[in-house]
Amino acid sequence: MTAPMTEPMIARAADKRVLPTPFHARASALCQTNCWSSWNAYTVVDLYSTLEDEYFAIRNATAAFDLTPMAKYRISGKDGLAYLDKLMTRKMGKLTPGRVMYAAWCNDRGHVLDDGTVFHLDKNHWRLCSQERHLDWLLATAMGFDVEIHDESAEVAGLAVQGPTSCRTLKAMNLEGIENLKPFQLRYFPFDDTELLVSRTGFTGDLGYELWIEPAHAEKLWDALFIAGKPHGILPNGGQALDMARIEAGFIQAGVEFVPAAELVRPDRGRSPFELGLGWLVHFDKPIFNGRRALLEEREKGSRYRFVRLDIDGNKPGNEAFIYNGKKEIVGHITSATWSPSAKMNIALASLKMPWGRPGDELYAEIYYNRELQWNRLMARCKVVNDAFFAPPRRRETPPRDY
Amino acid sequence: MSKRYDVIIVGAGHNGLVCATYLALAGYSVLVVEANERVGGAAITREFAPGYSVSACAHLLFLLHPKIVADLSLERHGLKPAATDLHTVALAADGAHLTLTADAIDGNGVSTGDRAAYPLFLNKLRRFAGVLQKTFMTRPPRLAHKSMADLTALAKLGLSLRLLGRDDMRELLRIGAINIHDVLQETFENDLLKGAMGFDAVSGGNLGPRSPNTVLTCLYRLTGQLNSKGSGISIPAGGMGAVTGSLRAGAEAAGVEIVTGTPVKRILLDRDRATGVETSDGERISGAIVVSNADPKTTFMKLVGARNIETGFARRIDNIRMQGKAAKLHLALDGPPTFRGLEQTQLGQRLVIAPSLNYVERAFDCSKYGEYSNQPTMEINIPSVHDDSLAPKGKHVLSAIIQYAPYNLRAGWDAERAAFKQLIIDKLAEYAPGIEERIIASELLTPPDIEKEFNIHGGHWHHGECSPDQFMMLRPTPGAAQYATPVAGLYLCGAGSHPGGGVLGLAGRNASTEILKREKTP
Ligand SMILES: Cc1cc2nc3c(=O)[nH]c(=O)nc-3n(C[C@H](O)[C@H](O)[C@H](O)COP(=O)(O)OP(=O)(O)OC[C@H]3O[C@@H](n4cnc5c(N)ncnc54)[C@H](O)[C@@H]3O)c2cc1C
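Computed from a predicted model, the values in this text were never measured in an experiment. (Residues numbered from 1 in each chain as written. Chains lettered and ligands numbered in written order. Predicted model: local features only at pLDDT ≥ 70, side-chain atom pairs only at ≥ 80, totals over all residues. Heavy atoms only, no water.)

Participant: I keep staring at the site of the ligand and nothing clicks. Help me out?
Facilitator: All names here are of chain B. Taken together, 35 residues form the shell around the ligand, and within it Asn15, Glu34, Leu60, Trp461 and Gly502 come nearest. Within the backbone of His59, an N or O atom sits 3.1 Å from an oxygen atom of the ligand. A distance of 2.9 Å is found between an oxygen atom of the ligand and a side-chain nitrogen or oxygen belonging to His463. Calculation on the ligand without its partners gives an accessible area of 1000 Å², and the protein chains cover 99% of this total. Secondary structure elements with two or more residues in the shell around the ligand: α1 (14-25) and α15 (447-454). Class assignment of the residues belonging to the shell around the ligand gives a composition of 19 nonpolar, 15 polar and one charged. (Near = heavy atom within 4 Å. Polar contact = N/O pair within 3.5 Å; in protein donor to acceptor, adjacent residues only side chain to side chain. Areas by Shrake-Rupley, 256 points an atom, 1.4 Å probe, with all protein chains shown as cover. Helix = DSSP H or I, 4+ residues; strand = E, 2+ residues; numbered from the N terminus. Nonpolar A, V, L, I, M, F, W, Y, C, P; charged D, E, K, R; others polar.)

In structure tokens, the structure reads:
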């Protein structure tokens, strides 16, 4: 028998391919399934206990998710806002210190490189938080601007704390005044001799916060959070439960709803913001931003695809299904799908070829499922849903009620 | 805004003047704004010592397109040659020179095989250069575009390749993929011959004879011969400034307004459209169309501003390879120099110091590591032999292109300029003993000097290397390779655009054609 590995041994071993996050020791202690996955070169838990428990923690109590692997870039300098205005399709002028904005950015072809959140941390300091890594593009975009770009991904640990009792939990952690934090605001709190940054943001479409701290204080943060959250039903959640929640919220994900344009081998396979339901993030009334010319042309000539949220008849999940029109022609496919316990609907996100997905279009998902080696095929009727499948009013309440 | 023009051209290089004249002839009101006190860009004649003038950058005329000379009546406006169809003399330190013409070699020690191969080889290359030249007069096709014009241009290129015949086409593909060293090596024996021929392929580029793309640059240069019966190399009376002087006269006759001594600080934009220029003294001049004769990096990174163009495009512009490696030496001499073994009647020819391919390659090697060549290679001419307007009677001026002098010299040019100049003069003295005693005045322009005097980023001969990744539909970079740019109403017309550099004029002409096609008629 070999001796059990010590923590440094684990870390060293992990160093070869994937890094442990600063929450690794805590997460692995709570992980009952040993289901891990690799995300941006970090190991993160996919499933701690059961999908049901974790999902319901998000929707009915509080769930904590380790989002340290997110890419984080510090943008500093006096041209920061002008820089962001060139980078993003959205007008960033409303982004004042203490605020966060959701935005997407494109290449010159108007195809989405990624979407993410921009935190205005302080005068002349911003942080861009995204799923994918973009240092190269961010640096190239900095030509001509008085800004500095610094990859601080490894210098900031992040925890998403989401769910109806998340505010109470944080109050119990003595984050004074947290209940007054409005959606897309951020605030610093003293914690463990350092600063804890809390933003009211998240990927669940629910009441929730994201906590950001220096890695050295990460474990203490985790401990304080779980102690405070215990009476409020806190559980850690992994990637699987988060995925269900984000589909319910109708949020797109890089690598799923679109292939980040920088990773494309076939450049025409990208998606524009219009083709991802992000048209509201495109502001032509600023002189320049990446993709502007191409997107203007698209606005004139029409898009190629339409992003839709679908309510599918029955309860068989429609993962990766083809979508047909009434004439049995393939008009698109599903990119994400799940049963939604909260909406009690069989839901999906899909990319349809134009012009399909108009009100009144007949659409069917071709779903295959297997019952003890017997394959069945189903043509399930789909309905386009305009908004999020699940959007509880508490997500916007300030102060939130004590659930 | 004080004034308004249909077209404002930034820069009065020969391409800017050509473009301006074609547009004015078509009825546009055109203003040319030039930073320097005189027009001509890198094709000028200027005094470098009291009483001594020389073509300050480009010094031999071999590419200028006959159609431009005719269309713009340059001869009527004063262009005339002082000498035509110069021979190339491949200098040997021991005086056993070779004289190369368009179809023969004169000199001792050349094998019968080399003599026989020479015209055959050049004829073959001229056929290939012909294919290349066919693309010179039209805008390069856009790739992955299905417009008729693009498809036709591609089809034409394909057709002219096919018309070469199977053997030639195969041969072109073969040598196109190797380098001029290997091609010359398999064809000729004589080192002096190969050295001088190899020099032609690398002059002006960041290339040695063994570098890839050197067959392309060789063919590019050879296109100049296709318009002439001889070598096609000439010296204009009055120097290169006479070419641009006649262009200026033609431009003004066509109604072009020209202001000099007026650097453009930036190109004015309204959103993504160019609306005019702002000069360094703050004057704003508006124009419906802005055309830039400045190199692409200067145009976009400085005049438009990197922040005003999209990132992908900005990155491609930033990546354009354009570090000059050619320096320019000017000597005022108190009498004709004597080159060992060279008859004085030959003094007015094009003299090349490139005694072997390895010599040139070694000269290039130094520059790869940020050093100047310790044994430089040179192209020399003494225009005062043909033209007594350049120096006082009995005196002479010598003009030489020196390679290699890297733009980014590791030790810095301020520290090394004097030493390099001395080294060049010593090298010259190996061939022309006693020349140093005849020097009255001298001037060395390194690439940073050329950058400063002529406002060319990197001091690069072509405003960007002529290599396949920066050639034709990729010149200077996709998105701006058809003269139009991502900035609406802004066009490029300089050497950085198709077909490329040299005093050729086609970038300016093609740009005007494209503008006339795309913009509303004046
Ligand atoms: C050392 C050397 C030797 C050469 N020898 C030869 C040769 O022998 N034969 C040959 O054919 N070619 C030669 N060339 C190449 C040739 O000189 C150039 O390719 C050619 O002159 C380029 O012409 P152009 O009109 O495109 O640009 P340029 O001649 O560079 O003209 C551009 C003009 O724009 C102006 N400009 C730039 N920025 C601004 C601004 N902000 N505001 C206003 N004006 C501006 C510049 O001042 C300049 O006048 C040589 C080049 C070098 C460097």
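Let us keep going from here.
Participant: Just checking my understanding: could you explain the pattern of salt bridges for this structure?
Facilitator: Oppositely charged side chains can form a pair if their charged atoms are brought close together. One pass over the full model with this rule turns up 55 salt bridges over all chains. Between Asp79(A) and Arg307(B) there is a salt bridge, and its shortest N-O distance comes to 3.1 Å. Note that Asp79(A) is positioned in the loop between β5 (71-76) and α4 (80-87) and Arg307(B) in the loop between α10 (296-305) and α11 (311-318), a pairing that runs across two chains. Several salt bridges converge on common partners, so that one network encompasses Arg139(B), Arg142(B), Asp150(B), Glu514(B), Lys517(B) and Arg518(B). (Salt bridge = Lys/Arg side-chain N within 4 Å of Asp/Glu carboxyl O.)

Participant: Sorry if this is basic, but what is going on with the interface of chain A and chain B here?
Facilitator: By a frequent convention, interface size equals the accessible area lost on bringing the separate parts together. With 21 residues of chain A at the interface, the matching set in chain B holds 16 residues. When chain A packs against chain B, the two sides together hide about 1600 Å² of surface, and 48% of this comes from carbon and sulfur. At the junction of chain A and chain B, the tally comes to three salt bridges. Put simply, the parts of the chain that give the side of chain A that touches chain B at least two residues each are α4, α5 (135-141) and α9 (292-301) of chain A. Looking at which element gives the most residues to the side of chain A that touches chain B, the answer is α5(A), with four residues. (Contact = heavy atoms within 4.5 Å. Buried area = accessible area lost by both parts, 1.4 Å probe.)

Participant: It is not clear to me how the sheet that holds strand β13 (residues 208-213) of chain A should be interpreted in this structure. Could you clarify?
Facilitator: In sheet architecture, strand pairing relies on hydrogen bonds along the backbone and comes in two forms, parallel and antiparallel. Residue and element names in this part refer to chain A. Read from one edge to the other, the open sheet built from six strands follows the order β11-β12-β13-β10-β4-β14, with strand pairing classed as mixed. If you trace the sheet from one side to the other, it starts and ends with β11 (186-191) and β14 (234-236), each paired once. Each strand axis lies, on average, 25° off the axis of its neighbour in the sheet, ignoring direction. The pairing of strand β12 (residues 194-199) with β13 spans three bridges and is antiparallel. Across the sheet, the residue bridging to Val198 is Leu211, located in β13. (Pairing = 2+ DSSP bridges. Axes fitted to C-alpha atoms, helices over the stretch in contact; angles between N-to-C directions.)

Participant: What's the story with the domain arrangement of chain A in this structure? I'm lost.
Facilitator: Each assigned domain of chain A is listed with its residue range as follows: domain 1 (20-68 + 156-237), domain 2 (71-154) and domain 3 (304-391). Relative placement of domain 2 of chain A and domain 3 of chain A: their C-alpha centres are 34 Å apart. (Domains from an automatic or database assignment.)

Participant: Help me out: how do you make sense of α4(A) in this one?
Facilitator: Because an α-helix packs 3.6 residues into every turn, residues spaced three or four apart end up facing the same way. Burial analysis of α4(A) places six of its eight residues in the buried class, which makes it a mostly covered element. Considered for burial, the residues of α4(A) that qualify are Gly80(A), Tyr83(A), Leu84(A), Asp85(A), Lys86(A) and Leu87(A). (Buried < 20%, exposed > 50% of the residue type's maximum accessible area, 1.4 Å probe, protein only.)

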